Structures are given as C-alpha cells and as structure tokens.
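# Notes for the structure review
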Number of protein chains: 2
Amino acid sequence: MLPGVGVFGTGSTARVLVPLLRGEGFEVHALWGRSEEEASSLAQELGILFHTSQSDDVLLHPDVDLVCIYISPPLTRQIAVKALGIGKNVVCEKAATAVDAFKMVTAAQYYPQLLSIVGNALRFLPAFVAMRQLLAEGYVGELQVCDARVYGPSLLDQSYGWTCEELMGGGGLHTVGSTLVDLLSHLTGARAVRVHGLLRTFVGQNGAIHGIRCVTSDDFSFFQMLMGGSASGRGVGTGTGSGVCCTVTLNFNMPGAFVHEVMVVGSAGRLIARGTELYGQRNGGKGEELLLGDSGGTGQEVKDVPLPHLRGLGSMVTALKDAFQAQEERRLWAQGPVAMASTFEDGLYVQTVVEAVKRSSRSGEWESVEVMTQEPDPNQNLCEVLLINKN
Amino acid sequence: MLPGVGVFGTGSTARVLVPLLRGEGFEVHALWGRSEEEASSLAQELGILFHTSQSDDVLLHPDVDLVCIYISPPLTRQIAVKALGIGKNVVCEKAATAVDAFKMVTAAQYYPQLLSIVGNALRFLPAFVAMRQLLAEGYVGELQVCDARVYGPSLLDQSYGWTCEELMGGGGLHTVGSTLVDLLSHLTGARAVRVHGLLRTFVGQNGAIHGIRCVTSDDFSFFQMLMGGSASGRGVGTGTGSGVCCTVTLNFNMPGAFVHEVMVVGSAGRLIARGTELYGQRNGGKGEELLLGDSGGTGQEVKDVPLPHLRGLGSMVTALKDAFQAQEERRLWAQGPVAMASTFEDGLYVQTVVEAVKRSSRSGEWESVEVMTQEPDPNQNLCEVLLINKN
C-alpha cells in the first residue's frame, strides 16, 4: 500500500518529483514552501490541495507517511530529524555540514524501522546500475582510475540565496560534486581516504548579484580522491576499489553545455557513462560498444534538472513504489528495492569528503577523510575549563 | 636554399619525419641509430644513403646543416650541444632533466645565429594556431580554466628501455605531459607558478617486461598548474593567462583509444580542440560550432604517432622550409616562420614543471616552479668544505 506523500521544496527538483510520484501511483497530499507565496504558486500549478509554509503542518498531516525533502541544505537536517521523530519515512537531499549529517545519522539509527535515504538519484540511473554490475563482474579487470566530469551552466539562482553561499551548501562541489563522491564510492565499493582539491569562484557577481553581495560558492573545482577500504556493508565485494584514484572536474561556467561523464578504467577495459548512456571497451576488443542506450522514457530534459538526475529520479521513485506497494501497512516498506540507495551514513561520509576537499583547497595539502564518530561538543572549551578547575 | 638534413633516431617519429622533410624538398643525407643494425635497417627502408651509429659521423657530415634529434631523452643534450658547437642548426626533442635542459639553453645562447628549437609539434598544429589566435582576439573573454586530457594505449616499447624508466625520461608525464605543459604556456601566454600532481604506475610488468625488471615510469598522471606571469617575450599579450587554472589528465592504460582534448574556458565562451579539430562556443550562442576541421592532408594515423602530433609535425616541417628557403646561404634562416616554435628556454621551463610535478607527487604538496638560472655545481659540497677550511 503506497504511503501518502508530503513534499518540502518548490525548486526545480520538487517540481519534477511530484509528477514522477504521481506517475507511480503515489498521492501527494501536502506541499511546503519557504514562503506562503512560493508554496501557493507551485501547489496551484501542480494541483496539490494543501500547501503551507509551516513545516509542522506537513509533518503532522495525517495522510502524509513519506516526506520528500528537497530544500536548501541548511534547513534539511532540522526537518528530516523532526520527520523521523514524528514517525514519518524520509527521502531527502544532502545536509549543509558534517555536523548536520551526523545528527541525521543519529536520528536514523534511533528509528531503524523508518525509511531514511539521501536521495542521490544517480545511484538509480540504469547506466550506473549496469556499470556497478559490470564492475562486480570484472568487465574492466582490476580497477585503476575513475574520472568524472560535469560541465554546465551556472548553478546560481536568479536572485541571491543559498546557492551563492559556500557556508550554506552552495557551489558545484557541494551540489553536484557530492552526488559524484557518493556515486564513486557506490561504484567502487570503496571510500576516499585522502583527498586533494582546488576550488575557484570565477564569477563573483552577475546581473542579479551585485553591490555589496558577492558569490562565495565555487563555480569550478577539481579534486582527487585516493580510495581505501571498502564502503560499509553495501560495497561491490571487499577492497575492489582499494588504491583506486578518482579525479573529478566540475565547471559551471559553461552556458549552453551539459556534459556528465563518468569513466572507470581498469586493467582489462573501461566503462564510460556519457549522460544517461553506458559505453564499454575491453582491451583488445574491436572498439567501444554501446552497452545501454537511453530508453527515452518519461519526459524530456527539464530546465535546471540535468537528464541523468531526471532519469535517476524516475528510477528512484519506481524503486520507492516497489519498496512500499507489497506492504499491508502504508508505513511499512521492503528493504530490497531501495537497498542501493544512499543511507544517512553515506550522506555523512559524502559531507565529510566535501569538507575535506574544501579544507584541502585552503591548505593546499592532501587532507584525510575522517568520518565523525561522535558529535563535537559545542561547549568543549568550557568543559575543559570546568575539568581543570575540578582537579 | 634548403639545408641538408641529418636525422638522429630510428623510432616512430624519425620514421614519419623523413618523408615529411622530403615532401617539403629537404634532402636527408644521414641517419644515426643507437646500433649499426637499427640505423642500417631504417636507412634501407627509407632509402637514406648514409647511416651510422657514431654521432660525429652525422654532426661532421659536410652536407648536413640541420640536425633533427628524435632519440631517447638522456642522449639528447649531448648531441644537441655538440651539434651547435660544430655550427649546425638543431631541432630536437625534450631533454631528460632540467640540468640537461639548462646546458642546452647555455649552448643556444652562445650560438644565437643558429636555429635551436625544441620541436613540440603541437604548437604548429593548425587547430592550436587558430586557438591561440582566437584567445588573443578575446573569443573566450577572460580566460579561467584550461583542461587537457590525453588517453591512449601504453607508451612502453616492445622491449625494456628508457620508456620504462622514470629517471631516463620515460612515462606519460615526461613524454606527453611535457608537450601539453609547453602548449598551455604557449596558448595562455603565462607560465605555471605552482603545480600539484599525482603519478601512478599501474602496469609495473607485462609480457615483455618481467623478472627483476620493473616499470618505474608513470602510465597515469593528473596535475594542476596555477599560471602566473606571462611567458618570456612570446606570450599572447601580457598577463592574459595570469590566475588561470590548468588541469591535465593523462592515462595510458587505454588500449584502442586515442583521445586528445584541450579545452579553454573563459568568461565569454570556450574553445575545444578535439584531436586535430577546433570547436568553439560563445556564451549565449546557439551551440558548438566547428571552427576548423581536419584538412586531411598527408597520411593517415601512423602507429605510435598520434594524429595531432603527425599533423603538427607536418606543419612544423613546412615552417622550417619557409624559414630556410628564401635564404641565400644554406645555414641561414628567417625568424618569422619558426617564431612560434618552442625555444630551448621554453624547454627548460617545461622540464622544470615536469620535475616539480614529480616532486609534488612524492611530497603530496603544491610545489613552486623555479626555473634554474645557474647550473648547480656538482661539487658544491666539496666547495663548502674547502671554504670552511680556508676560514
């Protein structure tokens, strides 16, 4: 039985998500927007009966059992944690900081019976599902190098907002890089141990952002990840990706272009996902072969939602349907169909890598990726003083 | 009047160079090979009347006024410097070390009337000539990022040799990376100030190289260059490329592929050379436009000589003809046609960058590029001891 859905967000992803949910038979009962106007406008456009700018109105809505959170990163943690506390299943986007991500992990661990996934749509894209499968089957032999690049037009909003602010989770690294960090870990079954990166903001002001306002988020970045031990539990075998070098190049100063390419190279061949299509070549083979074309499927490219994300989102919604529909109770779900999803733990890892890359860009050095195991105490200095006085 | 040519080397470049030289009207009078057999075999194949394994036999040959040196890097300095000393014009490939490159600079400065160029064919490739011109004309606006990538099959020789040895100038960085370092400096009119890199040798042994022998040269590398002040003299304007980030990815574990792509991105558009063709897109334009196709021209892809190098080599030989033919005396040459060539000073800069990248790969840190201004004294320690004793 499919749960009723409440959607947080009025951006481009929320806009394409609602029709996708409905297409799979979900009912969308409530929409939250940052302002009454934004909520009302999109609710009207999409024909959603209830809209609000009060998060509790959605979280406490009796018909809402699954909450989809596609809002600015600094608000994500608060709503996701609250939703779990109220007993709702959660699909959300990345948080703003590793501390936020850690709090989300804690909440998810506290309510293991609830669905809690970071909705990185790329994991569900058929090209990457097939790539992961072929990697596990040894198509490329021993994996050596992953090379991902995404080029596209500016990620900035029309007006000044979180997309302009590095500290609010804006920028190519946080927005797009994080999906690739997650994907590469998913594909290789390994996690980054050390990273090195360089971030740049080439466009500091534009027609919409000027005066005293200035963009601090990156529009160009490249980073390298040296992969180590296997990702917890769900990796492709153990240690497959150990010693692998991953390089990622992101450039969002390329109006009119959209390039999304992920290549994995091994001792026996290589696999390349260009956009939504998968190509492969084995060493000694005749040439590159198309392994998986784009099925076309629902919808064309939507403004601000690149095709790989759109298609992946479609597959993810299908997986959600599969997870829920065989269940008798509308809050229950089956593990299988969403087993490939990114967990909140994965989200914490990704956030940790993103922050290590930013640190590396400032220090100029390789930085270790050390995933938080306990929440940093905001009063640590105070505690130390108290401890000293006690003795 | 065209000078008679002596060719050093029996490798794939020497093999394609001889027909190109003859095509422009040069006569090739002598061929040098490392061994009598290699020299004899290629001389017979190409119909060169005189061959030898003694370098002096070519350098002192009365009909040879232009020496083309395409041999293993550790031998280049010795022959190039000697050729200049005997009064011959020199076109050569890169040296093995910065110290060698510095000695070549000293020799070139001592004989300014002689031609002395490091034959980086990419500078002459029409696609890059056009790219440099368009950059100077402001096609891309303010330059931000250069991104170069070359993927191809292994660079190792059939048998164990210098290509396997990092210290002898083997590896993708030294062989191919150096041509890109030179090209990017030529295109941007700027030089790398700081570099960061990562080198890997994924294939340490193969069917031909095994037992106690092991490959030490890199087959994968990824490096970044932060560009600073303008290149001496010949740059495109001054400071055009200052602050530009260059990223270079080289992967030679890709049998059956050859990808050669150089992209420059600026505030107003971008230019992309794919193989020998040049594409461009201006921001707000309708889409990518083909700016320069491959004219086809002489010959198809030759084994081990990628098309951009082959075509560039052809253009370079044409430029050499133009430099020499209007002259009355066969050792004289005109500056104009070869003004875009890489000088020995450029060669020293390139070698310095290559060594800084290697250093960075070992240290994990950003390394400064400091071009040598005086030869390091091999007896420095001894001198210091003497100095101490004197006091």
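Residues numbered from 1 in each chain as written. Chains lettered and ligands numbered in written order. Predicted model: local features only at pLDDT ≥ 70, side-chain atom pairs only at ≥ 80, totals over all residues. Heavy atoms only, no water.

If you check an unreviewed UniProt entry, chain A appears there as Glucose-fructose oxidoreductase domain-containing protein 2 from Oncorhynchus mykiss. On record in UniProt, under Function (unreviewed entry), the comment for chain A is "Promotes matrix assembly." Looking at chain A in UniProt, the text filed under Subcellular location (unreviewed entry) is "Secreted, Extracellular space, Extracellular matrix". (UniProt positions renumbered as here; feature names shortened; annotations may be inferred.)

Within this structure, the stated rule accounts for 35 salt bridges over all chains. We note a salt bridge from arginine 77 of chain A to aspartate 100 of chain A, for which the minimum N-O separation is 3.2 Å. Here arginine 77 of chain A, found in helix H4 (residues 73–86), pairs with aspartate 100 of chain A, found in helix H5 (residues 98–110); they are 23 residues apart in sequence, far enough to count as distant. Here the salt bridges do not stand alone but share partners, grouping Arg149, Glu261, Arg274 and Glu288 of chain A together with Glu261 of chain B into one network. (Salt bridge = Lys/Arg side-chain N within 4 Å of Asp/Glu carboxyl O. Helix = DSSP H or I, 4+ residues; strand = E, 2+ residues; numbered from the N terminus.)

The next subject is the pairing of strand S4 (residues 66–69) of chain A. Residue and element names in this part refer to chain A. Neither face of S4 is open: one carries Leu66 and Cys68, the other Val67 and Ile69, and all of them are buried. Sheet analysis places strand S1 (residues 5–8) next to S4, joined by four bridges and oriented parallel. Opposite valine 7, over in S4, you have cysteine 68 as the bridge partner. Here four bridges tie S4 to strand S5 (residues 89–92), and the two strands are oriented parallel to one another. By the bridge assignment for S5, leucine 66 is matched with asparagine 89. Crossover handedness for the path S4 to H4 to S5: right-handed. (Buried < 20%, exposed > 50% of the residue type's maximum accessible area, 1.4 Å probe, protein only. Pairing = 2+ DSSP bridges. Right-handed = clockwise from strand over helix to strand, strands pointing away.)

As a further point, take helix H1 (residues 12–23) of chain B. Residues and elements named next belong to chain B. For H1, which comprises 12 residues, the first-to-last C-alpha distance of 17 Å matches the rise-based estimate of 16 Å (1.5 Å per residue) to within 8%. Every buried residue of H1 is listed here: Ala14, Val16, Leu17, Val18, Leu20 and Leu21. On its buried face, H1 sits against strand S1 (4–8), strand S2 (27–32), helix H2 (36–46), strand S4 (66–69) and helix H8 (307–325). Glycine 25, located one to two residues past H1, shows a positive phi value of around 100 degrees. (Expected span 1.5 Å × (residues − 1). Contact = heavy atoms within 4.5 Å.)

Moving on to the packing of aromatic side chains. Residues and elements named next belong to chain A. The tally for this structure, following the rule as stated, stands at eight aromatic pairs over all chains. Ring centres of tyrosine 110 and tyrosine 111 lie 5.1 Å apart, and the angle between their planes is 80 degrees; on these two criteria the pair is classed as edge-to-face. Accessibility expressed as a relative area gives 64% for tyrosine 110, which makes it exposed. A residue is classified by how much of its surface remains accessible, and tyrosine 111, at 22% relative accessible area, is partly exposed. Their ring planes at 75 degrees and their centres at 5.4 Å tell us that phenylalanine 220 and phenylalanine 222 sit as a pair that is edge-to-face. (Phe/Tyr/Trp six-rings, centres within 6.5 Å; stacked < 30°, edge-to-face > 60°.)

Remember that side chains alternate between the two faces of the sheet whenever the strand is regular. All names here are of chain B. Pairing geometry for strand S12 (residues 269–274) and strand S13 (residues 277–282), over six bridges, is antiparallel. Counted as the bridge partner of arginine 274 is glutamate 277 from S13. Connecting the antiparallel pair S12 and S13 is a turn made up of two residues, with glycine 275 showing a positive phi of about 60 degrees. One ladder, built from three bridges, connects S13 with strand S14 (residues 289–292); its direction is antiparallel.

All names here are of chain A. The seven strands lie next to each other as S3-S2-S1-S4-S5-S6-S15, forming an open sheet whose pairing is mixed. Strands with a single pairing partner mark the edges of an open sheet, and in this sheet they are strand S3 (50–52) and strand S15 (342–343). Where S1 lies against strand S2 (residues 28–32), four bridges are found, and the strand directions are parallel. The partner of valine 5 across the bridge, within S2, is valine 28. Its contacts with the sheet put helix H2 (residues 36–46) on S2 and S3, and the angle it makes with S3 is roughly 160 degrees. (Axes fitted to C-alpha atoms, helices over the stretch in contact; angles between N-to-C directions.)

With that out of the way, let us pick up the interface of chain B and chain A. Listed per partner, the contact involves 33 residues of chain B and 32 residues of chain A. Between chain B and chain A the total buried area reaches about 2,900 Å² when both faces are included, carbon and sulfur atoms providing 62% of it. One can count two salt bridges joining chain B with chain A. Between arginine 149 of chain B and aspartate 147 of chain A there is a salt bridge; the shortest N-O distance is 3.1 Å. (Buried area = accessible area lost by both parts, 1.4 Å probe.)

We now examine the packing of helix H7 (residues 172–188) of chain A against helix H9 (residues 344–363) of chain A. All names here are of chain A. Their axes nearest at 9 Å, the elements H7 and H9 cross at an angle of 120 degrees. Taken together, the axis directions place H7 and H9 in an arrangement best described as oblique. As for the relative orientation of H7 and H9, their crossing is right-handed in sense. Residue-level inspection shows Leu173, His174, Ser178, Val181, Asp182 and Ser185 of H7 in contact with H9, the latter providing Asp346, Tyr349, Val350, Gln351, Val353, Val354, Val357 and Lys358. Of the residues in the contact of H7 with H9, the class split is seven nonpolar, four polar and three charged. (Parallel < 35°, antiparallel > 145°, perpendicular 65-115°, else oblique. Left-handed = near helix turned anticlockwise from the far one by under 90°. Nonpolar A, V, L, I, M, F, W, Y, C, P; charged D, E, K, R; others polar.)

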